[in-house]
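# Overview (structure and organization)
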Amino acid sequence: MSGSTVRRVPIIAGNWKMNLGPTEARDFAASILADLGSLPSVERVLCPPAISIPAVHAVTSGSDLRLGAQNMYFEEKGAYTGEISPLMLQGLCEYVILGHSERRGYFGETDELVNRKALSAFAHRLRPIVCVGERLEDRDANLTERVITTQVQGSLAGLPAERLGELVVAYEPIWAIGTGRAATAQDAADVVAIIRALLVEMYGAVAAGQVRVQYGGSVTAANIAEFAANPDIDGALVGGASLKPEFVEIVRKTAAVKGA
Ligand code: 13P
């Protein structure tokens, strides 16, 4: 089934990673907000480091610029040194990125852990942006489909089908992250089709058709139009370029190309 038959609101999210403390984050968010103005056709989300979330929230609350966290633990509270809970994010964030390849690679996050976090996000009315993506070795060995299948089936098991419209999946090939070597829109669309077919198997066509699937990896203002032009790619998860005024241009170009 093509994912293009259902109308999904495009979503551009900026993952600031470990950049911008509270003061810088607040000032940058304020400038993005002022530059973007009102643009209801594309959802846009800023994902600051946890410590900067309240400062950014102070300037974005009441606007249509949404906030996301970059990670969270699945428990509500307790002896989990260094972790942030879903209860702490409620009221500040609408979204939470889970299972980013940097969390999987540097911090040992498994599909099982990502799944527990995704279930917890749903239970706490936070919308998960769950990341999947293959390594260059996997792609070169023709293992992309197998790797993506394992990650999707493992990370996204047991979610409430009737609320699947709250789920965002980010396809982020690891070799494209921070390398300046973006996937082609066709390569990205091929993997997005695999992801959606897996979701159809797991949740049925109607629920799966509501999930937004983004591309991420070296997205810039210069290449966003190619990705946005594909009806099966519902936006982008942007790293480096989201730390620059270029982020505004990426949102504008998405709105222009999606014709929304
Ligand atoms: P870059 O856009 O810097 O390649 O990062 C992508 C990413 O990891 C977003 O989560």
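What follows concerns the packing of helix α5 (residues 111-123) against helix α7 (residues 144-155). Contact pair α5 / α7: the axes reach a minimum separation of 8 Å and the direction vectors enclose 40 degrees. Of the possible angle classes, the one that applies to α5 and α7 is oblique. Two secondary-structure elements touch here, α5 through D111, V114, N115 and A118 and α7 through T150, Q151, G154 and S155. For the contact of α5 with α7, the per-class residue count stands at two nonpolar, five polar and one charged.

What follows concerns the environment of F28. Position of F28 among the secondary structure elements: in helix α1 (residues 22-36). Through-space distance from the C-alpha of F28 to that of V56 is 8.7 Å; in sequence the pair is 28 residues apart. Among all residues touching F28, those that are not within four sequence positions of it are W16, L20, S242, L243, K244 and P245.

Inspection of the region around the ligand gives N15, K17, H100, E172, A176, I177, G178, G217, S218, L237, G239 and G240 as its neighbouring residues. N15 places a polar side-chain atom, nitrogen or oxygen, 3.0 Å from an oxygen atom of the ligand. Taking S218, its main chain carries an N or O atom lying 2.7 Å from an oxygen atom of the ligand. For the ligand, the accessible surface in isolation is 310 Å², of which the surrounding protein chains cover 95%. Grouping the constituent residues of the shell around the ligand by class yields three nonpolar, seven polar and two charged.

All right, on to the packing of aromatic side chains then. For the coordinates displayed, the defined rule picks out six aromatic pairs. Where Y73 meets Y80, the ring centres are 4.9 Å apart and the plane angle is 45 degrees; that geometry is what we call tilted. Under the relative-accessibility criterion, Y73 is labelled buried at 18%. These aromatic residues form a ring-pair network of at least three members: Y73, F74 and Y80.

This paragraph deals with the pairing of strand β2 (residues 43-47). By the criterion of burial, β2 is predominantly enclosed, with five of the five residues buried. Where burial is concerned, the two faces of β2 agree: the one with E43, V45 and C47 and the one with R44 and L46 are both buried. In terms of strand pairing, strand β1 (residues 11-15) meets β2 through five bridges, oriented parallel. In the strand pairing of β2, I11 is matched with E43. The parallel pair β1 and β2, bridged by α1, forms a crossover whose chirality is right-handed. Handedness of the crossover is the feature at issue here: the chain leaves β2, passes through helix α2 (residues 53-60), returns alongside strand β3 (residues 65-69), and the resulting connection is right-handed.

Criteria and cut-off values
Residues numbered from 1 in each chain as written. Predicted model: local features only at pLDDT ≥ 70, side-chain atom pairs only at ≥ 80, totals over all residues. Heavy atoms only, no water. Axes fitted to C-alpha atoms, helices over the stretch in contact; angles between N-to-C directions. Helix = DSSP H or I, 4+ residues; strand = E, 2+ residues; numbered from the N terminus. Parallel < 35°, antiparallel > 145°, perpendicular 65-115°, else oblique. Contact = heavy atoms within 4.5 Å. Nonpolar A, V, L, I, M, F, W, Y, C, P; charged D, E, K, R; others polar. Near = heavy atom within 4 Å. Polar contact = N/O pair within 3.5 Å; in protein donor to acceptor, adjacent residues only side chain to side chain. Areas by Shrake-Rupley, 256 points an atom, 1.4 Å probe, with all protein chains shown as cover. Phe/Tyr/Trp six-rings, centres within 6.5 Å; stacked < 30°, edge-to-face > 60°. Buried < 20%, exposed > 50% of the residue type's maximum accessible area, 1.4 Å probe, protein only. Pairing = 2+ DSSP bridges. Right-handed = clockwise from strand over helix to strand, strands pointing away.

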